[in-house]
2 protein chains.
Amino acid sequence: MSVEPRPTTKTRRNPGSQSALRQLNQQRIVETLLGTGPLTQAEISRQTGLSTATVSNIVKIMSDDGLVSTTPTTSSGRRAVSVRLNSEGAVAVGIDVGRTHVRVIIASLDYRIIAERAVPLPLGHLAIEGVEAAARLLNELLEESGLQHSAVVGAGVGIPGPIDSRTGTVIQGAILPEWVGINILELLESALEVPVYIDNDANLGALAQVTWGPHSTISDLIFVKIGSGIGAGLILGGSPHYGHYGVTGEIGHATIFEQGMICRCGNRGCLETVASTAIMIELLSRGAPEPITTEDIVRLAFERDPATLRVIDDAGQAVGRAMANVANLLNPEVIVVGGPLAELGELLLDPIRRGLIRHAVPSVGESTQIVMSSLGNRAEALGGATLVFQQQGIHSAL
Amino acid sequence: MSVEPRPTTKTRRNPGSQSALRQLNQQRIVETLLGTGPLTQAEISRQTGLSTATVSNIVKIMSDDGLVSTTPTTSSGRRAVSVRLNSEGAVAVGIDVGRTHVRVIIASLDYRIIAERAVPLPLGHLAIEGVEAAARLLNELLEESGLQHSAVVGAGVGIPGPIDSRTGTVIQGAILPEWVGINILELLESALEVPVYIDNDANLGALAQVTWGPHSTISDLIFVKIGSGIGAGLILGGSPHYGHYGVTGEIGHATIFEQGMICRCGNRGCLETVASTAIMIELLSRGAPEPITTEDIVRLAFERDPATLRVIDDAGQAVGRAMANVANLLNPEVIVVGGPLAELGELLLDPIRRGLIRHAVPSVGESTQIVMSSLGNRAEALGGATLVFQQQGIHSAL
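Cut-offs used in this document
Residues numbered from 1 in each chain as written. Chains lettered and ligands numbered in written order. Predicted model: local features only at pLDDT ≥ 70, side-chain atom pairs only at ≥ 80, totals over all residues. Heavy atoms only, no water. Domains from an automatic or database assignment. Contact = heavy atoms within 4.5 Å. Buried area = accessible area lost by both parts, 1.4 Å probe. Polar contact = N/O pair within 3.5 Å; in protein donor to acceptor, adjacent residues only side chain to side chain. Helix = DSSP H or I, 4+ residues; strand = E, 2+ residues; numbered from the N terminus. Nonpolar A, V, L, I, M, F, W, Y, C, P; charged D, E, K, R; others polar. Buried < 20%, exposed > 50% of the residue type's maximum accessible area, 1.4 Å probe, protein only. Pairing = 2+ DSSP bridges. Axes fitted to C-alpha atoms, helices over the stretch in contact; angles between N-to-C directions. Left-handed = near helix turned anticlockwise from the far one by under 90°. Least-squares fit on C-alpha atoms with pLDDT ≥ 70 in both.

Draft legend 1. The domain arrangement of chain A, seen in detail. Looking at chain A, the domain boundaries give domain 1 (18-71), domain 2 (91-207 + 379-391) and domain 3 (214-374). The straight-line distance from the C-alpha centre of domain 1 of chain A to that of domain 2 of chain A is 29 Å.

Draft legend 2. Structural context of the interface of chain A and chain B. Contact residues are listed per partner, giving 89 residues for chain A and 89 residues for chain B. Where chain A abuts chain B, roughly 7,200 Å² becomes buried across the two surfaces, and 50% of that area is made up of carbon and sulfur atoms. Across the contact surface, chain A and chain B share 34 residue pairs in polar contact (both at pLDDT 80 or more). Per-element accounting of the side of chain A that touches chain B gives the leading share, six residues, to helix 10 (residues 306-330) of chain A. For the side of chain A that touches chain B, the residue count by class is 36 nonpolar, 36 polar and 17 charged.

Draft legend 3. Spotlight on the side chain of asparagine 325 of chain B. Position of asparagine 325 of chain B among the secondary structure elements: in helix 10 (residues 306-330). Residue asparagine 325 of chain B is classed as buried on the basis of its relative accessible area of 18%. Beyond its immediate chain neighbours, meaning those up to four positions away, asparagine 325 of chain B contacts His253, Ala254, Thr255 and Asn325 of chain A.

Draft legend 4. View of unusual backbone geometry. In this structure, asparagine 331 of chain A is a non-glycine residue whose phi angle is positive, near 50 degrees. Following the sequence through the fold, asparagine 331 of chain A ends up in the loop between helix 10 and strand 14 (334-338).

Draft legend 5. Expanded view of the sheet that holds strand 10 (residues 196-200) of chain A. Residues and elements named next belong to chain A. Ordered in space as 6-5-4-7-10, the five strands form an open sheet in which the pairing is mixed. Edge positions in the open sheet fall to strand 6 (113-120) and strand 10, since each of these has one partner strand only. Each adjacent strand pair in this sheet contributes to an overall mean axis angle of 15 degrees, direction not counted. Bridge count between strand 7 (residues 152-159) and strand 10: five bridges; the pairing is parallel. When the bridges of strand 10 are listed, alanine 155 appears paired with valine 196. Against the sheet, helix 4 (residues 127-144) engages strand 4 (91-97), strand 5 (101-108), strand 6 and strand 7, with an angle of about 35 degrees to strand 5. This element, helix 6 (residues 201-211), spans strand 7 and strand 10 of the sheet and lies at about 100 degrees to strand 10.

Draft legend 6. Broad picture of the sheet that holds strand 15 (residues 369-372) of chain B. Residue and element names in this part refer to chain B. With mixed pairing, five strands are arranged side by side in an open sheet as 13-12-11-14-15. In this open sheet, the two strands that pair with only one neighbour each are strand 13 (239-240) and strand 15. Alignment of strand 14 (residues 334-338) against strand 15, held across four bridges, turns out to be parallel. Bridge pairing links isoleucine 335 to isoleucine 370 in strand 15. Sheet strands touched by helix 6 (residues 201-211): strand 11 (221-226), strand 12 (230-236), strand 13 and strand 14. Its angle to strand 12, the strand with the most contacts, is close to 45 degrees.

Draft legend 7. Broad picture of the packing of helix 4 (residues 127-145) of chain B against helix 5 (residues 184-192) of chain B. Residues and elements named next belong to chain B. Here helix 4 crosses helix 5 at 30 degrees, and the two axes come no closer than 9 Å. Where helix 4 crosses over helix 5, the handedness of that crossing is right-handed. Between helix 4 and helix 5, the contacting residues are Ala127, Ile128, Val131, Ala134, Ala135 and Leu138 on the first element and Ile184, Leu187, Leu188, Ala191 and Leu192 on the second. Its residues assigned to classes, the contact of helix 4 with helix 5 comprises 11 nonpolar, no polar and no charged.

Draft legend 8. Focus on the relation of the copies chain A and chain B. Least-squares fitting of chain A to chain B yields an RMSD of 0.1 Å, with the superposition described by an axial translation of 0.0 Å and a rotation of 180 degrees. In symmetry terms, the pair is related by a two-fold rotation axis. Scanning chain A for the C-alpha nearest the rotation axis identifies serine 51 of chain A, at a separation of 2.0 Å. Interface overlap between copies is the fraction of interface residues in one copy that are interface residues in the other; for chain A against chain B it reaches 100%, indicating a shared surface.

Structural data, given as structure tokens:
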């Protein structure tokens, strides 16, 4: 059955390619300047091991892009060039598009929020309406902050659904059915007039945890967003994980009950059919005078309504069981739970933890921390800003 | 609920540290020499963007370590130093320890097998017996190949069980209960007298697929080993995934039947209780005059024995269901199935594929390739040799 092993040509990462090399070298220079403050080109060369010619070329390109300023100076009596990062000369935009809102954040290179605003959108809005609202909001915020449009190096946009990176479209199974099949990237780039990077909202939530959140030292983190759908964003080995074509973290479709309810994905008994806010609302609205909302679930739980507590307990244990499979597979250090139920705190964490410990390999169940997200409803937009920095090679992976 | 986001200090990867930088620079130099053949130091400097001083320092260290040879030459009429990789001056050893065998492979820097041999071990052997057998085998192979012991840059050893990287010990749940809790790294280093890197056998199987196997261009690959236990090795974003402390790929303990059989991990209805070779042997030995073996399962399946085919079909579908969860989460391009049942080919792949498609998100189920491993029973040892190259920074991640 075995064939003769053969040597591999290592073409995938193409480490010798000039553009990959330049990006890597630019990352080194940015990291060095972030760590130390302004340096001369000669000092950058010494601290990075790069040749002075390489440093000089890359500083020229970064200066043309507005990422750094250069000023003549002297060093040991010689003429030199001092290089400084432009913290507000170049800003990134993070945008979070939800079912009923859009949020825009403007962030500086050194991870400060310059401006932020959210506006409501009607349920079932068309993709173009969401995009136009985001563009209006961005222009308002730029004007109010006294920033030029040209200062925006790019926008990172979170979409609540799986995005097929081969086509740039939201694929079926998204929480926004009106957005499915539309080339959202083209739509956004023409409305925002900046380079746009799109990603799934849970991925951006994960990215925010390790850049803006309290988990900056964590290499392996799972961000679980429990909402109308359930999805996860993965930080693995220090970097976001996108897989073959970007459809990752679809834990909402883990089979929990082999013969359970039919799911919108076409399977049966998926986690979403037992633990999404949509099913919780459906279960708790039965017999109620009018349909309840997610906010009602939070309120009723704190009022210790028995049916609400039971529904949360069952949902939490099912999420915990799905998390056990994830933890057995990936051995994360931390699992962060986000979404509109994060306010429940221990009321939701406790059953998730029980489900995790019951179904995980003992050593993994005991050592995996589970916490609620502390970034609230701005996590996805903050992750969007980080995405811009990373995609442009301004910061290295993490 | 939300706190003010704060800037992050990027300490984790510590890109500025001198040793990390030197390793990165050494990788660039090795990759460049592998791609082009011998070069002068000045040529290396031009092709990598590194300063001539940096190149000269690293070449000196690599020369002292026996990884490269340097010879004086002239270039454009000037004196220069030509640098050449030593393909047999430095070799890596891959060792695979199984329940009933140990295999040793000696491999060169350019991925050629120089020598290879396996010997049987008694079932239930002590860890020290396996280690001593490996050391004897290594010395025999070195002598027969005319290699000095000093040419061995390190040994990568695959162990069939989860290894806690915090303690360097095999943790409970291993297929070799006699090895649990022993500091296998110390034992191996003192017997082999070379730097040793240990890893789970499924991880090394995955590494072999993307370095020695036909999947060198694949960034996201899952290697599933079906044997007495069931485990997976993960190549994610082009690198092996180890998680927080090394216990990854424990898919054998995904819950398949909530109220199923008790598993050796302490849970119920785990994948291993329905799809391992151990349970298949138990099921098929009932009523047989004497217990059957894994080889009997393969033979009976090709003879189209109905009970055997049914047991394989049920096991395959359960593996497929577990793979659906993995694929939904990680979106791999390829899943490779290995272990002693790989010879079954389509008889096992077909039910796995059905289970995958039945339980995965449609787009993921349709696009994930599932194939049998073509590296046979040498996959783990080959992966061990790759591990040495990677851990020593001789080759970059992939």
